Amino acid sequence: MPNIYKSTQKRIFIQEVVTRDGFQAESIFIPTQEKIALINRLSNAGYDKIEVTSFTNPKAIPMLADAEAVMLGIERIAGIQYTALIPNLRGAERALAVGVDEFNLVMSVSEAHNQANLKMSCDDSFKALSAVIHLAHTNQTAINISLSTSFGCPMTGLISLPDLMYWVDRFANTGVHGITLCDTTGMANPSQVQVVCQAVQSKYPNLQWTLHFHNTRGMGLANALAALNAGIDRFDSSLGGLGGCPYAPGATGNICTEELVHMLDLMGLDTHMQIDTLLECSQDLQKLIGRSLPSQLLMAGKVDRLYQAPCQS
Ligand code: ZN
């Protein structure tokens, strides 16, 4: 649609996480063929990266127990990075066997959250992930590290910039390609996001920075905009906003891909994304999981959807 307010053509990279972050919060198993079909459709929507699944212990997350079958079943499109969450060395070996493009490693910068989530100290996580990074280097596989609770921890509160930077520094020195700052439980606010994004980019301008927001408290898109204004060009998001939060029952998940893309496109940024494909996939995802998604764009339609004036009788 023509937009007289378009200001810039800056390229923004969108990374889909619905089949990992979204699906892992679902209680009823989604059949492997449905996961594959969804990823194949999303591969034609213009993403730069798709987080396909997680190579976690199948007993811990039964929903993603079919990680190998999904990775092997999808049709890979050239130019898209198909990444997967790798919690440990065992997961990394499984992921290598099916040829993922990137290891997305994860740990929390909050001691309490890391203990609750990964059952080990942050230091032990770092040691374990260092072994995975070594394996990735040996196999020439790209590595991204996702730092959970980068802005706030649901158990201990705000994460200070020095506390975050401590872990950024440690991973930056291991030769990772990118770092994702995750607002795992939707605690970040736009002012904080701006300060943090400026600080990490000015210290490590050559790392690929991704921002991963959850819309738990309705600040998701505002935070994305703050990150954008601070120079960030890469975002994780989830189709339909699917996802949950174990610390906020009933809460919505990641920021919604179609809402993010719709906003960025209207602002004149270049996302390369097919918004209509996203909306169709999101509609079908509602049918697949049997309930409405939090996507407000699905309800209201795009901003160029015009309505007839009500009949006057
Ligand atoms: Zn997340």
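Residues numbered from 1 in each chain as written. Predicted model: local features only at pLDDT ≥ 70, side-chain atom pairs only at ≥ 80, totals over all residues. Heavy atoms only, no water.

A. Highlighting the pattern of salt bridges. In total, this model carries 14 salt bridges according to the counting rule given. Of the charged contacts in the structure, one is a salt bridge between R41 and D284, with a shortest N-O distance of 2.7 Å. Residue R41 is found in helix α2 (residues 32-42), and its partner D284 is found in helix α11 (residues 275-289); the two are separated by 243 residues along the sequence. Judged by its relative accessible area of 29%, D284 falls in the partly exposed class. (Salt bridge = Lys/Arg side-chain N within 4 Å of Asp/Glu carboxyl O. Helix = DSSP H or I, 4+ residues; strand = E, 2+ residues; numbered from the N terminus. Buried < 20%, exposed > 50% of the residue type's maximum accessible area, 1.4 Å probe, protein only.)

B. Region of the structure containing the side chain of T184. Residue placement: T184 occurs in the loop between β8 (178-183) and α8 (190-203). In terms of polar contacts, T184 uses its side chain to reach the backbone amide nitrogen of T149, at 2.8 Å. With residues up to four places along the chain from it excluded, the contact list for T184 reads H113, S148, T149 and H214. (Polar contact = N/O pair within 3.5 Å; in protein donor to acceptor, adjacent residues only side chain to side chain. Contact = heavy atoms within 4.5 Å.)

C. Region of interest: the pairing of strand β5 (residues 142-148). Across the seven residues that make up β5, a large majority, seven, are buried. The side-chain alternation of β5 yields two buried faces, one formed by A142, N144, S146 and S148 and the other by I143, I145 and L147. Here strand β4 (residues 102-108) runs beside β5; their pairing, made up of seven bridges, is parallel. Within β5, the residue paired with M107 across the bridge is L147. When β5 meets β8, the two strands line up parallel, connected through four bridges. When the sheet's bridge partners are listed, N144 is paired in β8 with G178. (Pairing = 2+ DSSP bridges.)

D. Geometry of helix α9 (residues 220-229). For α9, the complete set of buried residues consists of G220, N223, A224, A226, A227 and L228. Along its buried surface, α9 packs onto β8, α8, β9 (208-213), β10 (234-237) and α10 (257-266).

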